[in-house]
Amino acid sequence: MASGTGDRFEDMLPGVARKTPLAALILLPFAAHAVLTHGEAVPGSLQTGIVMFTALSHAALYGGLGLLFGLSLRPGRQALVSRLALRVEPCPTPALMAYTRGVTRLWFGFCVAQLCLSGCLLGAAPLPVWSIFVNVLDMPLAALTFFAEYLVRRRRFRDLPTASLIDTMRAFARRRDLLAS
């Protein structure tokens, strides 16, 4: 396509997405959903490729995260969220450590549920239903889970100072031994 015709891919993206690669990355699932559900003119092979890419990336993300959370729950190991909590709260109570182990179980279950539901929908539901789950509802469901856990933690541990999101991100960034053993 010739430059200046307005037909280039970059020209079709909203202004923010052109300026910010992160915004384009955020818009990508919505674009995939639009192609999968309203792409009557899209060749079948392209649609199949998009389905395969979306399914594999979703499975890799939640499979990998589920593995990290699940392996940390094995006997004799410290749960992943517990390790993160130790970086934010250096003197945690036994109740807090038990809670963080439960949060690790929660995230392990969330990952397993994502994988199972995605697989069931891909195999049995119409493609648009699966696409909505994987491309549109994925991040809101994760955000809702984070928010619900935050509310439970605030209620259960009222006397503990709550680490900010920035503190938690900094603790995770110092992850040298966070994922070890």
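As the structure is a computational prediction, the values presented were derived from the model and not from experiment. (Residues numbered from 1 in each chain as written. Predicted model: local features only at pLDDT ≥ 70, side-chain atom pairs only at ≥ 80, totals over all residues. Heavy atoms only, no water.)

K.L.:
I'd like a rundown of the packing of aromatic side chains, residues and numbers included.
P.N.:
Enumeration over the complete set of coordinates arrives at four aromatic pairs. The interplanar angle of 70° and the centroid separation of 5.3 Å between the aromatic rings of Tyr99 and Phe157 together place this pair among those described as edge-to-face. Of this pair, Tyr99 sits in helix α6 (residues 94-124) while Phe157 is found in the loop between α8 (138-156) and α9 (165-173), placing the two residues 58 residues apart along the sequence. By the burial criterion, Tyr99 is buried, and Phe157 matches it. Relative to Phe146, the ring of Trp107 has its centre 4.6 Å away and its plane inclined at 45°; by these criteria the two rings are tilted. (Phe/Tyr/Trp six-rings, centres within 6.5 Å; stacked < 30°, edge-to-face > 60°. Helix = DSSP H or I, 4+ residues; strand = E, 2+ residues; numbered from the N terminus. Buried < 20%, exposed > 50% of the residue type's maximum accessible area, 1.4 Å probe, protein only.)

K.L.:
Got a sec to walk through the pattern of salt bridges? Specific residues and values, please.
P.N.:
Under the counting rule described, the total for this entry stands at one salt bridge. A salt bridge links Arg153 to Glu149, with the nearest nitrogen and oxygen atoms 3.0 Å apart. Here Arg153 pairs with Glu149, and both are found in helix α8, just four residues apart, close to one helical turn. Relative accessible area serves as the criterion here: at 27%, Arg153 is assigned to the partly exposed category. (Salt bridge = Lys/Arg side-chain N within 4 Å of Asp/Glu carboxyl O.)

K.L.:
Would you mind going over the side chain of Asp138 in detail, with residue names and values included?
P.N.:
Looking at where Asp138 falls in the secondary structure, it is placed in helix α8. Side-chain polar atoms of Asp138 contact the side chain of Tyr62, separated by 2.6 Å. With sequence-adjacent residues up to four places away left out, Asp138 is seen in contact with His58, Tyr62, Gln114 and Phe133. (Polar contact = N/O pair within 3.5 Å; in protein donor to acceptor, adjacent residues only side chain to side chain. Contact = heavy atoms within 4.5 Å.)

K.L.:
Requested: an account of a nonpolar patch on the surface, with residues and values cited.
P.N.:
Taken together, the side chains of Leu61, Leu65, Leu68 and Met139 present a nonpolar region at the surface, about 330 Å² in accessible area. At three residues, the largest contribution of residues to the nonpolar patch is made by helix α4 (residues 44-72). By secondary structure assignment, the location of Leu65 is in helix α4. The class of Leu65 is partly exposed, set by a relative accessible area of 31%. (Patch = residues over 30% accessible without salt bridge, like charges linked within 9 Å, V, L, I, M, F, W, Y side chains within 5 Å. Areas by Shrake-Rupley, 256 points an atom, 1.4 Å probe, with all protein chains shown as cover.)

K.L.:
Help me get a handle on the environment of Gly109, residues and values and all.
P.N.:
Within the secondary structure, Gly109 sits in helix α6. Separated by 40 residues in the primary sequence, Gly109 and Phe69 have C-alpha atoms spaced 9.1 Å apart.

K.L.:
Could you give an account of the side chain of Thr100, naming the residues involved and the relevant values?
P.N.:
Structurally, Thr100 is set in helix α6. Take Thr100: its relative accessible area is 5%, and that puts it in the buried class. Ignoring anything within four residues of it in the chain, the contact list for Thr100 reads Val81, Ser82 and Ala85.

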